[in-house]
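For reference, the chains in residue letters:
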Amino acid sequence: MGETRTRELIDRIRMAMPQATLRTTMMVGLPNESEADFDRLVDFVRETAFDHLGVFAFSPEEGTPAFHLPHQLPAEVGQQRMQELMAIQQEISQTKLARYLDTTIEVLVEGLSEESDLLLASRHAGQAPDIDGVTYINDGQATAGEFAQVYITQTGDYDLVGHIATP
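Along every chain, residues carry numbers that run from 1 in the direction the sequence is written. In view of the model being predicted, local features appear only for residues whose pLDDT reaches at least 70, and side-chain atom pairs are presented and counted only at 80 or more, with totals across whole chains, interfaces and linings using the full set of residues. Water and hydrogen atoms were dropped before computing side-chain values, which therefore reflect all heavy atoms in the structure.

A.B. asks: I keep staring at a nonpolar patch on the surface and nothing clicks. Help me out?
C.D. replies: A contiguous nonpolar patch, built from Met27, Leu30 and Phe56 and spanning about 280 Å² of accessible area, is present on the exposed surface. With respect to the element layout, phenylalanine 56 can be found in strand β2 (residues 52-57). Put simply, a patch holds well-exposed residues, over 30% relative accessible area, that have no salt bridge, with like charges counted together within 9 Å and Val, Leu, Ile, Met, Phe, Trp or Tyr side chains within 5 Å. Only the protein chains shown count as covering a residue, and every accessible area follows the Shrake-Rupley method with a 1.4 Å probe. Whenever Lys or Arg places a side-chain nitrogen within 4 Å of a carboxyl oxygen from Asp or Glu, that contact is recorded as a salt bridge. Helix numbers and strand numbers start at the N terminus; a helix is a DSSP run of H or I with at least 4 residues, a strand a run of E with at least 2.

Set out below in structure tokens:
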């Protein structure tokens, strides 16, 4: 799919479903990837403002066709480009999460947080397990596997924090 068609598709999704969560994963530092190519990707990421974005640096794996591709970039270039895109995404994520501040959202409670047994971990409909942020619950009672209403009191780079909302 061409770049223009991809942008048009994303625009159509957002028009039809404004609450849709858009996520993707990208690889940077591929053989033959020019600075101009990367600049276009940076512009695309900024303009598209994905809700969630994963970025990986290309790494030639022995035994794969990509291992023998010509014009391999130094690993440092891929790492640098990955870090640059993730810094951009961090800003985008902070802005997108700010819309949840002082609102109540429905979450699926997963259980005790891996961060602290004083927190519950949960996810709202736009947070996929293992790849997106988490909604932490720092006050109130809820059971793993249940849906709960959580009032959001803090936002971070990728996570939300709140307490069980009282009816």
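A.B. asks: Explain the nonpolar core here, please?
C.D. replies: One broad trend across soluble globular proteins is that nonpolar side chains are buried collectively. In plain words, nonpolar cores are sets of buried Ala, Val, Leu, Ile, Met, Phe, Trp, Tyr and Cys residues tied together by side-chain atoms within 4.5 Å. Relative accessibility under 20% of the residue-type maximum defines a buried residue, over 50% an exposed one, and the middle range a partly exposed one, all with a 1.4 Å probe and only protein chains included. Within the largest apolar cluster, 16 residues are counted, with the highest numbers of intra-cluster contacts made by Met26, Val28, Val45, Phe50, Val55, Leu85 and Ile88. At the level of secondary structure, the elements contributing two or more residues to this core comprise β1 (23-28), α2 (35-48), β2 and α3 (75-98). Note on contacts: a residue pair qualifies if any of its non-hydrogen atoms lie within 4.5 Å across the two residues. Ignoring anything within four residues of it in the chain, the contact list for valine 45 reads Met26, Leu53, Leu85, Ile88, Gln89 and Ile92. Counting residues in each nonpolar core, the second largest holds 13 residues, with Tyr100, Leu120, Ile137 and Ala148 among its members.

A.B. asks: I keep staring at α2 and nothing clicks. Help me out?
C.D. replies: Each α-helix turn comprises 3.6 residues. Residues three or four places apart therefore point the same way. Taking 1.5 Å per residue, 14 residues should reach 20 Å; α2 reaches 20 Å between its end C-alpha atoms and fits that length. Burial in α2 covers these residues: Phe38, Val42, Phe44, Val45 and Thr48. The arc that holds every buried residue of α2, seen down its axis, measures 160°, which confines them to one face. The secondary structure elements touched by the buried residues of α2 are α1 (3-16), β1, β2 and α3. Whenever two N or O atoms come within 3.5 Å, that pair is a polar contact, provided that in protein one can donate a hydrogen and the other can accept it, and provided that, for residues adjacent in sequence, both atoms are side-chain atoms. Structurally, the start of α2 carries an N-cap: the backbone nitrogen of alanine 36 is 3.4 Å from a side-chain oxygen of serine 34. A positive backbone phi angle near 50° is found at alanine 49, which sits one or two residues after α2. Expected helix span is computed as 1.5 Å times (number of residues minus one). Note: the arc covers the axis-to-C-beta directions of the helix.

A.B. asks: Help me out: how do you make sense of the environment of histidine 52 in this one?
C.D. replies: Looking at the element boundaries, histidine 52 is found in strand β2. Separated by 29 residues in sequence, histidine 52 and arginine 23 have C-alpha atoms that sit 4.5 Å apart. With residues up to four places along the chain from it excluded, the contact list for histidine 52 reads Thr21, Leu22, Arg23, Thr24, Gln89, Gly126, Asp132 and Gly133. A distance of 3.0 Å separates the side chain of histidine 52 from the backbone oxygen of glycine 126, its partner in a polar contact.

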